[in-house]
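# Fold and contact review
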Amino acid sequence: MLQTGLSHEITFPVTAQLSAKAVGSGTLEVLATPVMIARMEQAAWMAVAPALEADSGTVGTLMNVKHLSPTPLGMSVTCRAELVEVDGRRLVFQVTAQDAQGIVGQGIHERAIIQTERFLAKAQKKLTP
């Protein structure tokens with residue numbers, strides 16, 4: 001059952017492959033903002049996945065995040081998502097990213113509960129003129 005308070009954390013090392021330079025979001029070898037956001041999203045869907053029906057999933061619909069501080073290569077980052085609101089099919093998460101020195105990113109992420117097959121069928125219709 002979906003209820004506020006569900007949470008999940010993902011910890012990962014910042015490697016050269018996850019840098020702004022490598023992913024094309026900048027020229028520096030620090031954690032890329034798109035990587036931080038992707039891991040926040042991953043933590044969110046993983047927090048609620050066990051509570052969903054087998055034929056359901058979630059998709060991201062909104063991300064409002066600030067990247068507050070750079071994390072150099074070699075440090076680890078922990079991204080955490082906590083479900084703070086359930087409004088029908090709309091799920092709202094508080095998301096954070098933290099390295100050994102403190103918070104490096106924070107914000108709000110929203111996801112929608114979908115029926116997987118129906119959602120994929122809708123996407124496939126875009127291929128047919």
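Below is a short write-up of the structure.

### Looking at the pairing of strand β4 (residues 90–99)
Direction of pairing for strand β3 (residues 76–87) relative to β4: antiparallel, over a ladder of 9 bridges. Its bridge partner lying in β4, T78 is registered against Q98. One ladder, built from 10 bridges, connects β4 with strand β5 (residues 102–115); its direction is antiparallel. Opposite T96, over in β5, you have Q106 as the bridge partner. Linking β4 back to β5 in an antiparallel pair, the connection comprises 2 residues.

### So, the environment of L62
Here L62 is to be found in strand β2 (residues 56–67). The exposure class of L62 is partly exposed, given its relative accessible area of 38%. For L62 and V48, which are 14 residues apart along the polypeptide, the C-alpha to C-alpha distance reads 16 Å. Those residues in contact with L62, other than ones at most four positions away along the chain, are I108, H109 and E110.

### A few points about the layout of surface pockets
Approximately 300 Å³ is the volume attributed to the largest pocket. Looking at the lining of the largest pocket element by element, the count peaks at 4 residues for helix α3 (residues 116–125). When grouped by side-chain class, the residues that make up the lining of the largest pocket number 5 nonpolar, 2 polar and 4 charged.

### A word on the packing of aromatic side chains
A complete count under the given rule lists 0 aromatic pairs for this structure. If you follow R39 out to its NZ or CZ, it ends over the ring of F12, 4.4 Å from the centre.

### So, the nonpolar core
Side chains of a nonpolar character, in soluble globular proteins, are inclined to be buried together. Counting residues in hydrophobic clusters, the biggest one holds 26 residues, and the most contacted among them are F12 and F93. Among the elements of the structure, β1 (7–13), α2 (33–48), β3, β4 and β5 are those that each provide at least two residues to this core. No other element matches the 7 residues that α2 contributes to this core. Apart from the residues lying within four places of it in its own chain, the contact partners of F93 are A44, A47, V48, A81, E82, L83, V84, G107, I108, H109 and R111.

### Structural notes on the sheet that holds β4
Across the sheet, which stays open at both edges, the 5 strands sit in the order β1-β3-β4-β5-β2 with antiparallel pairing between neighbours. Each of the sheet's edge strands pairs with one partner strand only, and the pair in question is β1 and β2. Each strand axis lies, on average, 25° off the axis of its neighbour in the sheet, ignoring direction. Sheet strands touched by α2: β1, β2, β3, β4 and β5. Its angle to β2, the strand with the most contacts, is close to 140°.

### Side note on the side chain of E110
Along the chain, E110 falls in strand β5. The exposure class assigned to E110 is buried, which follows from its relative accessible area of 15%. One polar contact links E110 to R90, side chain to side chain, over a distance of 3.2 Å. Setting aside chain neighbours within four positions, we find E110 in contact with V59, G60, T61, L62, R90, L91 and V92.

Parameters at a glance
- For every chain, the first residue of its written sequence is number 1, and the numbers climb from 1 along that sequence.
- The predicted nature of this model means local features are confined to residues of pLDDT at least 70 and side-chain atom pairs, given and counted, to a pLDDT of 80 or more, with totals for whole chains, interfaces and linings taken over all residues.
- Side-chain measures here rest on the full set of heavy atoms in the structure, leaving out hydrogens and waters.
- For two strands to count as paired, DSSP must find a minimum of two bridges between them.
- Here a strand is any run of E in DSSP of at least two residues, a helix any run of H or I of at least four, and the numbering for each starts at the N terminus.
- Think of it in three bands: residues with accessible area under 20% of the maximum for their type are buried, residues over 50% are exposed, and the middle band is partly exposed, with areas taken using a 1.4 Å probe on protein chains only.
- In what follows, a contact means two residues having at least one pair of non-hydrogen atoms within 4.5 Å.
- Residues are called lining when one of their atoms sits within 4 Å of a cavity or pocket point, these points coming from a 1 Å grid over the protein atoms alone, where a cavity is a set in which a 1.4 Å probe fits but cannot get out and a pocket is an open set with protein on both sides within 12 Å along at least five of seven lines.
- Grid points are joined across faces, edges and corners, and a volume is the space filled by probe spheres set on the points.
- In this classification, the charged set is Asp, Glu, Lys and Arg, the nonpolar set is Ala, Val, Leu, Ile, Met, Phe, Trp, Tyr, Cys and Pro, and all remaining amino acids, among them Gly, are polar.
- Between 30 and 60 degrees the pair is tilted, below 30 it is stacked and above 60 it is edge-to-face, where a pair is any two Phe, Tyr or Trp rings, Trp via its six-membered ring, whose centres lie within 6.5 Å.
- Counted as over-ring charges are cases with an Arg CZ or a Lys NZ within 6 Å of the ring centre that also lie within 35 degrees of the ring normal.
- Throughout this description, the term nonpolar core refers to a set of buried Ala, Val, Leu, Ile, Met, Phe, Trp, Tyr and Cys residues connected via side-chain atoms within 4.5 Å.
- Here an angle of 0 to 180 degrees is reported between the N-to-C directions of two axes, which are lines fitted to C-alpha atoms, with helices fitted over the stretch in contact.
- Counted as a polar contact is a pair of N or O atoms within 3.5 Å, where, for protein atoms, one must be capable of donating a hydrogen and the other of accepting one, and residues adjacent in sequence contribute only when both atoms are in side chains.

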